[in-house]
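Chain by chain, the residues run as shown.
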Amino acid sequence: MTTTAIPAESKRTTPPAPKRRPQREREGAAWVFLSPWVLGAIVLTLLPMAVSLYLSFTDYNLFDPPRWVGLRNYTQMFTEDPRYWRSVVTTLTYVVIAVPLQLALALVVALALKSMKHGKAFYRSAFYAPSLLGASMSIALVWRAVFNDGGTVDNLLGTGGWVNKPGWALLAVALLTVWQFGAPMVIFLAGLQQIPAELYEAAAVDGAGKWRQFLSVTVPMLSPVLFFNLVLQTIQAFQVFTPAFAISAGKGGPADSTLVYTMYLYDRGFVASHMGYASAMAWVLLLVIGIVTVVLFRTSRSWVFYASEGDR
């Protein structure tokens, strides 16, 4: 028997590792890819905000050059304009009505979809559709026809046209927002599907019924999702415009009952050509939304439960 020796030259050699690009070159490539977003943020967001802040201290009518007036727009807003305060009260009333009703309906529908075994995808799409359509002017005009004199609601309930009654017009606007519960519903449904089934089984072994399981298991485990939806929908509610504008025909009536903040801002800026005053209103709205968001985050420490933390 003969044996052959393997030459030493035939041993495999590992290829050299590729050289890493210098950090400065990698950062340069990252900024190239980020440049469209950065340019858009500066030109379309930061620069208009800076101009708006400057205009809020001026008297500007869209035609003549801005004239510096200092804090006069703000003092006039808070001390000399009763319609401004009516718009504030109307907006707060709308937020208090629309946001809780929308989140409650979204949660109820999400719970119903979670328990369904067939057709879940179809009903989820069907319930989500109003969120895509509800912000359009055409749907708002249809909504106005439904709640107008001789409309569907009048024919069914005999209560007359809601849009012509000061005590009911804002409710019609809020119901249009409640009807658009699809987006928070999908988020609730995703959160419900992440709750471990073992928690419900353990609660059932301890003798907890469906209602107790909902309060002791579903609500705490779903609280981060509930908090997210609450913040998101509250911010959107403060900026409501299209439903109130369409239902009131752009006038905020009857008797300013649907004069929400953004509609009055639009009236001051683009109807009355007081763009400096409207800019001041916009910055006050931004400040209020920021304060409300901070308050929600502060209070969330007492009721939002994160499973990774193990405490409330």
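Report on the accompanying structure. (Residues numbered from 1 in each chain as written. Predicted model: local features only at pLDDT ≥ 70, side-chain atom pairs only at ≥ 80, totals over all residues. Heavy atoms only, no water.)

Turning to the environment of Ser125, a few remarks are in order. Its location among the elements puts Ser125 in helix α4 (residues 120-133). Linking Ser125 and Val186, residues 61 residues apart in sequence, is a C-alpha distance of 9.3 Å. A polar side-chain atom of Ser125 sits 3.0 Å from the main-chain carbonyl oxygen of Ala121. (Helix = DSSP H or I, 4+ residues; strand = E, 2+ residues; numbered from the N terminus. Polar contact = N/O pair within 3.5 Å; in protein donor to acceptor, adjacent residues only side chain to side chain.)

In this section: the packing of aromatic side chains. For the coordinates displayed, the defined rule picks out 20 aromatic pairs. Aromatic pair Phe78 and Trp85: ring centres 6.1 Å apart, planes at 40°, arrangement tilted. Phe78 sits in the partly exposed class, given a relative accessible area of 38%. Residue Trp85 is classed as partly exposed on the basis of its relative accessible area, which comes to 41%. Their ring planes at 90° and their centres at 4.9 Å tell us that Phe227 and Phe297 sit as a pair that is edge-to-face. (Phe/Tyr/Trp six-rings, centres within 6.5 Å; stacked < 30°, edge-to-face > 60°. Buried < 20%, exposed > 50% of the residue type's maximum accessible area, 1.4 Å probe, protein only.)

So, about the pattern of salt bridges. Within the structure shown, the criterion is met by five salt bridges. We note a salt bridge from Arg67 to Asp59, for which the minimum N-O separation is 3.0 Å. According to the relative accessible area criterion, Arg67 is partly exposed, its value standing at 46%. With relative accessibility at 30%, the residue Asp59 sits in the partly exposed group. Its salt-bridge partner being Arg72, residue Asp59 comes within 3.7 Å of it at the nearest N-O pair. (Salt bridge = Lys/Arg side-chain N within 4 Å of Asp/Glu carboxyl O.)

When two helices pack together, their arrangement is given by the angle between their axes and by how far apart the axes lie. Between helix α10 (residues 210-238) and helix α13 (residues 275-299), the least distance of the axes is 10 Å, while the angle of their chain directions is 165°. It follows that α10 is roughly antiparallel to α13 by the angle criterion. Handedness of the crossing formed by α10 with α13: right-handed. Of the residues in α13, those in contact with Phe227, Leu230, Val231, Thr234, Ile235 and Phe238 of α10 are Leu285, Val288, Ile289, Val292, Thr293, Leu296 and Phe297. (Axes fitted to C-alpha atoms, helices over the stretch in contact; angles between N-to-C directions. Parallel < 35°, antiparallel > 145°, perpendicular 65-115°, else oblique. Left-handed = near helix turned anticlockwise from the far one by under 90°. Contact = heavy atoms within 4.5 Å.)

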